[in-house]
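Here is how the chains run, residue by residue.
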Amino acid sequence: MGSLDNGVLPLKRDPLLKSSSRNERNNSFALRPRSKFARFMVLKKLDYLQWICAVAVFIFFMFVFQMFLPLSTVEKDSGDFLKQKEDNFGGELKNFLKEFGGLDFGEGVKFEPTKLLLKFQRENGNVNNVSFGGSRKVVRFGHRKPQLAFVFADLLFDPQQILMVTVATALRTIGYEIEVYSLEDGPVHTVWKNIGVSVSIVEADKKIMIDWLNYDAILVNSLEAKEAISGLLQEPFKSLPLIWTINEKTLATRYKNYISNGQIQLTDDWKSVFNRATVVVFPNHALPMFYAPFDAGNYFVIPGSPSEACKLNNSTTILEENLHKNMKIRAHDFVITITNSQFLYKGLWLEHALVLQALSPLLEQFIDDDSSSPKLKIIILSQDLSRNYTSAIEEIASNLNYPSGTINHAAIDEDLYNVLSITDVVIYGSFLEEQSFPDILKTAMCFEKPIIAPDLSIIKKYVDDKVNGYLFKKENIKDLSRIILQMVSNGRLSSLAHNIASIGKHTAKNMMVLESVEGYASLIENVLNLPSEVASPRAVSEIPSDIKTEWQWGLFEDIPDRKYVNRSLRIYNFLKKIENRWNLKESSVDISVDDTFLYSIWEEEKGIQTAMAKKRREDGELRDRSEQPRGTWEEVYRSAKRADRNKNDLHERDDGELERTGQPLCIYEPYFGQGAWPFLHHESLYRGLGLSTKGRRSRTDDIDGPSRLPLLSMPYYRDALGDFGGFFAIANRIDRVHKNAWIGFSSWRATAKKASLSKAAEVALLEDIQERRHGDALYFWVRMDKDPRNPMQQDFWSFCDAINAGNCKFAFSEALKKMYGVKDNSTSLPPMPVDGDSWSVMHSWSMPTKSFLEFVMFSRMFVDALDAQVYDEHHDTGLCYLSLSKDKHCYSHILELLVNVWAYHSARRMVYVDPTTGTLQEQHDFKTRRGKMWIKWFNYKTLKSMDEDLAEEADSDRPKQRWLWPKTGEVFWQGMYEKERNQMRKQKEKRKQKSKDKIQRIRNRTHQKALGKYVKPPPENETLNDQNATLATLKLLR
C-alpha cells in the first residue's frame, strides 16, 4: 500500500515475504489493518436494511436529476408521443427505443481554429507593441496599394468563380490591387477583364516564370491549381502568405486508398503542400474534419458559397420520366425526401425513426388502392447505406405500418440532384447543432422545394418560419406532424407551401454573401505583412453594402455559354493523373525481376568486393614494409598543393566556362533557392552565385557562396545581407574565382520584371567597356524612377526612407558616424542631389574589378556598423526599426542603395544602360557634382587605412565579443608579412632542431657487444703455399 500511495510500484516481490511461514500467511488476514469504512461497519454494527434504504434513496434522487436534463425532455416528449401512437408504432420498437436509453445528437463535435487565431493575435500584438527602446518610430508611407494574386486551375464557369469575383470586387473597393493567373483559359476571362483585373494564362507543362515576390499575398483556388503553386514550395517564395481554398472532399475520400496501397510518398507530397499554405480555407465546418490527416494547424472556415444556386441555374435538363422509372416512382406520386447531417453519429437512425413516426399520419391521405391515385413515397438521403442501417430503417417502417415500397434509400453524393428534381417536400431530419448552414438545405431551396427543419440555431439564422421555410421544435416531434398536415392537402402541396418555396429560392441564391466577403477580407488583413511603402487597406466595414448582400450574378449574364462545368469529375481526373505520375516514378525504381537472379548477382558482387579489399590490404602492408622514395618536404608540400588546386578541375569544362575566360566582363547572378532557377541566364556572359549550398543548380559551374564565405552558412546573415552576401563571397580571395577585368551583378528579379540586359544592350555594354569611353565607371540598367515602389518619383533619400519605415536617414547617419569614429550628435548625410537623373536599384550594375574590391572594402565597414545598431533587437525579437513588422531581410533595403552613395562620392562616373535598346546615358555629370562630393571620406587611401586598422585589431586583440567585420572577408594588414616571415623562420628552425635531435638520438644509441671473437680466415693462395712448404719439409726429413 505504501508504494501505491507514493505513486511507485515495486518491480520485484520482497524476498522477505517468500520466507514467511505458513502460520504467518494464514494469520495475515487477522493482522491486516482495516479501512475506516470497514471499522465503521464493524464497530457501529449497522443494519443491512438501513443501507439498502440509503441506496434506494440515492437512486431515486439520481432519477429525478436525470428528468431535469435537456435530453430527458426529449425522451419524455417523445415517450408521450409514442404512447399516444402505441397502436400504430408497435410495442417492439417502443421497447427497443426505451432500452436504448435516448438519442445521441453529437453536440460535442465542433471545429475551432485555435492555433491559427492565437497566431494572428500574437503577431498583431507584436506589431502593435513595437517600441525599439523608445528611440525610433516606424512610419508607413503608403505609396502603392497592396498586391494580391488569384490563382485558378481554369477560367471555366463554376460557383468558385462567382465567389472569387464577388470577393475581388469587394477587396478592390477597400484598396487592393488584384491580378489573376490561370492554367487554362475560359469564358470567365472576360468577366475578370470587365472589372479591371489583368489575367495571365500560364502553361502548366512549361516552367512557370512568375516572380511571386511582387505580391503581398496569394490566393489559390481548388486542388487542381496545385501545379501552379509548385514554385511556392521553394525558396525564396516559402515565406509568402498563401491562402488555399478547397471546396471538394475528393482528396480526403481517396486518402484511405493511398494508405492501403502504401503510397506514402504521394501522401507526403500532398501533406507538404498543406503544410506550406499559411491558411487552408474551407466553405463549411465538415470539410476540415474530412481533411484531418492533412491538418497542420492552419485550417480555417469561411462559410458561404454560391455553389448550390449556380448548380440550380445551370444544371442540365433532366428527364423526369426516366428518373421516376429508375426510382420506381410515378409522376403523380407525392415524394418526401428526408436528409440528414454530413456527420455520422449514433443517434442518426433514431432521428429518422422519429421523423417517420411523425409522418405516419400522412398515410391516411394515400389509402386509396386505385393505381391511378397518388401514393406516398419517402426517400431517405444518407451517407450511410450499410446493411445494418437499411435493415433498421426497414424494421422501423414495418413497425410503423408503412406499406411495402414506400420508403427508399439513396446516396447523397450520387443521387442528390436527381432526387431533389422529383421531390415535393424536403425534411431535414438531423437534430445536430452544427456550425454552418447545411448545404443540402440550401440546395433544396435553390430547387424551389419547401423545406422543413428543426429549430437549430444555425438554421434559424437564415430560415424564418412560414416565410422561406418551416421550422419545428426538436424537443417536440409533434410539431412536424402538424406542419406536414398543413402543407399537404389531398395528396398535393398547398399554395402557401409553393409561395414559401419561391421565397426560399430567392433567399438561397444570395445566402451568406456577407459572411464570405467579410471573412476573406478579414483573413487577408490578418495574414498580410505589408512593407512600409505599401498603403494599409481600409477597414472591412467600409465595403459597400450592395456587394455584401448579393453575389455578382450580373457580371456573368453576358457569358454566351454558361453551362456548368463538372468540377467533381475534373478533380477526379486530376487526382488520377497525379497518381499515375507517382506510380510511374515508383515503377521506375522498383523493377520486378527474379529473386534468384538478384541473389546470384549480389553474391558475385560480394565476392568481387571481398577480393578487392583483400588485395588492397595486402598491397598496403607490402608498401609499408618497403622503402618509398618520398623526396624532400618541399616537394611533398608542392605536390599536395598541386593536387588541391586540381581537385576541382576534374570535371569537363563546358563551352560557357571556356568562353568566359577570354571576356572582359563576367556578370554574376546571386540567387537563393530553386524558385529563382527559371530566371537565371545560361549564356557565357553570366554565372550563377548560389547563396545556399542546398538550393544550388546541378550540372552548372555556379559558385557556392557558403564555401567561399562561411558567414553565408548562418541563416540569419544570409537573409539579412541578401545579395550583399554574394558580393562578399566573390570578393573573398577573388583571384581564385574571378579572372576578368570587369565584374557585374544582375538580380534575377530584374529578369522577372523584364529589366535585364537584352542582346543589344549586352553588346553595347561590352563595346563601351573595351573602348573605355567612360573609364572607371559604374554601369547600371535598373532605374530608381521606374521602380514600382516609387510611383511618386521621389528623390534618393525620400525613397530610401519610404522602403525602410522612415528610418533610412537615421540608420545611414549612425552607421557612418560609427564607421568613421565621429563622436558628435550631428545627423549630416552625404548629399544625393536631385538633378533630373536617376539612381541604381536591385543590384544590377557592373564596374572594374579593382573598383569592386574598393567598394566591398567600404561596404564591409558600413555593414559592420549597421549590424551593430540593429542586431540585438532584430536577432531576439525579429523586429527592427527599418521594417514595420517581423522581417528577416532587415537592412537589405538600405544595402540595395549603398552602391549609389559610394560611386557618387568616390568620383566614379555613373552610366545608365537602357536594357532594351542598349543606349548609354551618363547620369549626374561631373560638372554638377563639384562641391557636393565627400571625396576625402570615400578616398581609397582613407578606406585602406581604416581597413588595415580593423585588420590589425582583429589579428592582434582577438576580441571575444561578437564582431561581424572579420567574418565578411579577408583580414589583412602590412604587419602580417612580418608575422608570416617570423612564423616561417620559426618553423625552419624547428625543423633543423628536429633533425639535430634525430641525429643525436642515433649517435647515443647503445650498441650490442659481440658474443665471441672472430678469426679471419687466411687467403686462398697463402693456404696453398703453406701446404707446398709442408710437403717439401716432409720430403727432406725422409
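You'll find the structure just up there.
Residues numbered from 1 in each chain as written. Predicted model: local features only at pLDDT ≥ 70, side-chain atom pairs only at ≥ 80, totals over all residues. Heavy atoms only, no water.

**Student:** What's the story with the sheet that holds strand β18 (residues 703-704) in this structure? I'm lost.
**Tutor:** Adjacent strands of a sheet pair through backbone hydrogen bonds, lying either parallel or antiparallel. Overall, mixed pairing links the eight strands, which are arranged β18-β17-β16-β19-β21-β20-β22-β23 in an open sheet. Two strands lie at the open edges of the sheet, namely β18 and β23 (920-923), each paired on one side alone. Along the sheet face, helix α33 (residues 723-731) touches β16 (665-671), β17 (686-690), β18, β19 (742-745) and β21 (845-848) and points at about 160° away from the line of β19. (Pairing = 2+ DSSP bridges. Helix = DSSP H or I, 4+ residues; strand = E, 2+ residues; numbered from the N terminus. Contact = heavy atoms within 4.5 Å. Axes fitted to C-alpha atoms, helices over the stretch in contact; angles between N-to-C directions.)

**Student:** Please explain a positive patch on the surface as it appears in this structure.
**Tutor:** There is a patch of like positive charges on the surface, built from Lys988, Arg991, Lys992 and Lys996. By the secondary structure assignment, Lys988 is in helix α44 (residues 975-1003). The class for Lys988 is partly exposed, based on a relative accessible area of 46%. (Patch = residues over 30% accessible without salt bridge, like charges linked within 9 Å, V, L, I, M, F, W, Y side chains within 5 Å. Areas by Shrake-Rupley, 256 points an atom, 1.4 Å probe, with all protein chains shown as cover. Salt bridge = Lys/Arg side-chain N within 4 Å of Asp/Glu carboxyl O. Lys, Arg positive; Asp, Glu negative; His and termini not counted. Charge placed at Lys NZ, Arg CZ, Asp CG, Glu CD. Buried < 20%, exposed > 50% of the residue type's maximum accessible area, 1.4 Å probe, protein only.)

**Student:** When you look at the environment of Gln974 in this model, what are you seeing that I'm missing?
**Tutor:** Summarising the element assignment, Gln974 is placed in the loop between α43 (940-956) and α44. On the accessibility criterion, Gln974 (49% relative accessible area) is partly exposed. Measuring from C-alpha to C-alpha, the distance between Gln974 and Ala951 comes to 9.4 Å, with 23 residues separating the pair along the chain.

**Student:** Hey, could you run me through the packing of aromatic side chains in this one?
**Tutor:** How two aromatic rings sit relative to each other is set out by the distance from centre to centre and by the angle between their planes. On inspection of all chains with the given rule, the structure shows 45 aromatic pairs. Residues Trp742 and Tyr779 carry aromatic rings whose centres are separated by 5.8 Å and whose planes lie at 55° to one another, so their mutual orientation is tilted. A residue pair is termed long-range when its members are at least 10 positions apart, and Trp742 in strand β19 and Tyr779 in strand β20 (residues 777-780) qualify at 37 residues. Here the two residues Trp742 and Tyr779 agree in accessibility, since each one is buried. Three or more aromatic residues joined by ring pairs form one cluster here, namely Tyr668, Phe724, Phe727, Phe728, Phe745, Trp845, Phe852, Phe855 and Trp902. Here the basic side chain of Lys249 rests over the ring of Phe290, its NZ or CZ set 4.8 Å away from the ring centre. Sitting over the ring of Tyr871, Arg962 keeps its end group 3.6 Å from the ring centre. (Phe/Tyr/Trp six-rings, centres within 6.5 Å; stacked < 30°, edge-to-face > 60°. Lys NZ or Arg CZ within 6 Å of the ring centre and 35° of its normal.)

**Student:** I would appreciate a short explanation of the packing of helix α13 (residues 250-260) against helix α14 (residues 264-276) in the present structure.
**Tutor:** Any two packed helices are characterised by how steeply their axes cross, that is the angle between the axes, and by the distance between the axes. Taken N-terminus to C-terminus, the directions of α13 and α14 make an angle of 145°; their axes are 10 Å apart at the nearest point. Touching Leu251, Tyr255, Tyr258 and Ile259 of α13 are Leu266, Thr267, Trp270, Lys271 and Phe274, all from α14.

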